[in-house]
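Next come the chains, spelled out residue by residue.
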Amino acid sequence: NTKKIEIARKQYSGAVGKVTTGIGVVNLVYYNPDTKKYWVIDYRIYQPDQDGKSKIDHLLDMLNNAVYSKNIPFSTVLFDTWYATHKVMLHIESLNKIYYAPLKANRNVTKADSGEKYSNVCRLDIDNSEKKNGVLIHIKGFPKDMDVTLFQFPISTNRVDYIVTNDKSQKDSQTAQNEYSMRWVIESVHREIKQLTGIEKCQCRKQRIQRNHIACSFLVWAFLKRTARKTKETIYKVKYSLLDNYMKAQLRSPALVFQASDTIIA
């Protein structure tokens, strides 16, 4: 019963689209677009009742750790709408990093220096040139001198994504879209860890055992990923071929041989 696990709590799940009971894990993934390789460089357990920290607090802690403690070289931070808050974007700005962030359709914005009233970003009047090259806007609540560039991406007939960046030199919609699309690497990480390590399958109730299980799952994923790169195979092939040689050997010469005199009870 998930509800009896000590660190499980009610929280919104994007996967199921509603509030559910589970263990929240906040990940920080490093992606190198040149080599197409990615690594989980940090993660935190979401447990506000014990440490008083929100998911946003965990994200900021991990970013600071990556910059000041691990000295990891990176230039751009990508995240989803959950983290597209004033606090996160202002902090990334203070780190002298670039960000690409999605805005919800009801986020209040106005065109920079237009003198117009704030309105939902979905109601912003954007002409064809601005759709292609981006438009400079101001998000309500941001410092007066902090404008960002907005790009609008039609995804389907009934869905439009709104992406903002603090990179003022970015003037091409397609390039901006390509930059932000790299964020989906983290979805690949989530899928691989869930499908290949059993990270969600531990039924132990004590939080220490759950924490150890989650840590081991990330270590197993890292080992499988490293092996996949060395062998130039997919991580799924590496995982599911682990027993191939053993099975072939057993088929050739079984260690347990069925005898005709053995009794079968159905």
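Preceding this paragraph is the structure being described.
Every value quoted in this text rests on a predicted model; they were computed, and no experiment measured them. (Residues numbered from 1 in each chain as written. Predicted model: local features only at pLDDT ≥ 70, side-chain atom pairs only at ≥ 80, totals over all residues. Heavy atoms only, no water.)

Asks: It is not clear to me how the side chain of Thr-165 should be interpreted in this structure. Could you clarify?
Replies: Within the element layout of this structure, Thr-165 appears in strand E11 (residues 159–165). Only 3.0 Å separates the side chain of Thr-165 from the backbone nitrogen of Asp-167, close enough to count as a polar contact. (Helix = DSSP H or I, 4+ residues; strand = E, 2+ residues; numbered from the N terminus. Polar contact = N/O pair within 3.5 Å; in protein donor to acceptor, adjacent residues only side chain to side chain.)

Asks: What's the story with the packing of aromatic side chains in this structure? I'm lost.
Replies: Here a ring pair, both rings aromatic, is described through the centre-centre distance and the interplanar angle of the planes. Tallied over the entire structure, the rule returns five aromatic pairs. Between Tyr-43 and Phe-218, the aromatic rings sit 4.4 Å apart at their centres with planes inclined by 20°, giving stacked as the arrangement. On the criterion of sequence distance, the pair formed by Tyr-43 in strand E4 (residues 37–46) and Phe-218 in helix H7 (residues 207–231) is long-range, its members being 175 residues apart. A relative accessible area of 25% means that Tyr-43 is categorised as partly exposed. Judged by centre distance (6.4 Å) and plane angle (5°), the rings of Phe-151 and Phe-153 are stacked. Grouping residues by exposure puts Phe-151 and Phe-153 together as buried. Directly above the aromatic system of Trp-82 lies the positively charged group of Lys-55, at a separation of 5.5 Å from the ring centroid. The ring of Phe-74 carries Lys-97 above its face, with NZ or CZ at 4.4 Å from the centroid. (Phe/Tyr/Trp six-rings, centres within 6.5 Å; stacked < 30°, edge-to-face > 60°. Buried < 20%, exposed > 50% of the residue type's maximum accessible area, 1.4 Å probe, protein only. Lys NZ or Arg CZ within 6 Å of the ring centre and 35° of its normal.)

Asks: When you look at helix H2 (residues 55–69) in this model, what are you seeing that I'm missing?
Replies: Given 3.6 residues per helical turn, the α-helix brings residues three or four places apart onto the same face. Between the first and last C-alpha of H2 there are 20 Å, a value that for 15 residues agrees with the 21 Å anticipated at 1.5 Å per step. By the burial criterion, the buried members of H2 are Lys-55, Ile-56, His-58, Leu-59, Leu-60, Met-62, Leu-63, Asn-65, Ala-66 and Val-67. Taken from the residues just after H2, Asn-71 is the one with a positive phi, measuring 50°. (Expected span 1.5 Å × (residues − 1).)

Asks: Which parts of the structure should I look at to understand the nonpolar core?
Replies: Core analysis: the biggest nonpolar cluster contains 36 residues, and Phe-79, Tyr-99, Ile-137 and Leu-150 have the highest contact counts within it. Elements that contribute at least two residues to this core include exactly strand E3 (24–32), H2, helix H3 (86–94), strand E6 (98–103), strand E9 (135–139), strand E10 (148–156) and E11. Per element, the largest residue contribution to this core is seven residues, and it comes from H2. Among residues more than four places away in sequence, those in contact with Leu-150 are Val-121, Leu-124, Ile-126, Gly-134, Val-135, Ile-137, Tyr-162, Ile-163 and Val-164. (Core = buried A, V, L, I, M, F, W, Y, C linked by side-chain atoms within 4.5 Å. Contact = heavy atoms within 4.5 Å.)

Asks: Hey, could you run me through the sheet that holds E11 in this one?
Replies: The strands making up a sheet associate through backbone hydrogen bonding, with each pair oriented either parallel or antiparallel. What the seven strands build is an open sheet, ordered E5-E6-E11-E10-E9-E7-E8; its pairing is mixed. At either margin of the open sheet sits one strand with a lone partner, and together these are strand E5 (76–78) and strand E8 (119–120). Bridge count between E9 and E10: three bridges; the pairing is antiparallel. For Leu-136, the partnering residue across the bridge sits in E10 and is Thr-149. Sitting on the sheet, H3 touches E5, E6, E9 and E11, and the angle it makes with E6 is about 165°. Lying on the sheet, helix H5 (residues 173–181) is in contact with E5, E6, E10 and E11; it crosses E10 at an angle near 80°. (Pairing = 2+ DSSP bridges. Axes fitted to C-alpha atoms, helices over the stretch in contact; angles between N-to-C directions.)

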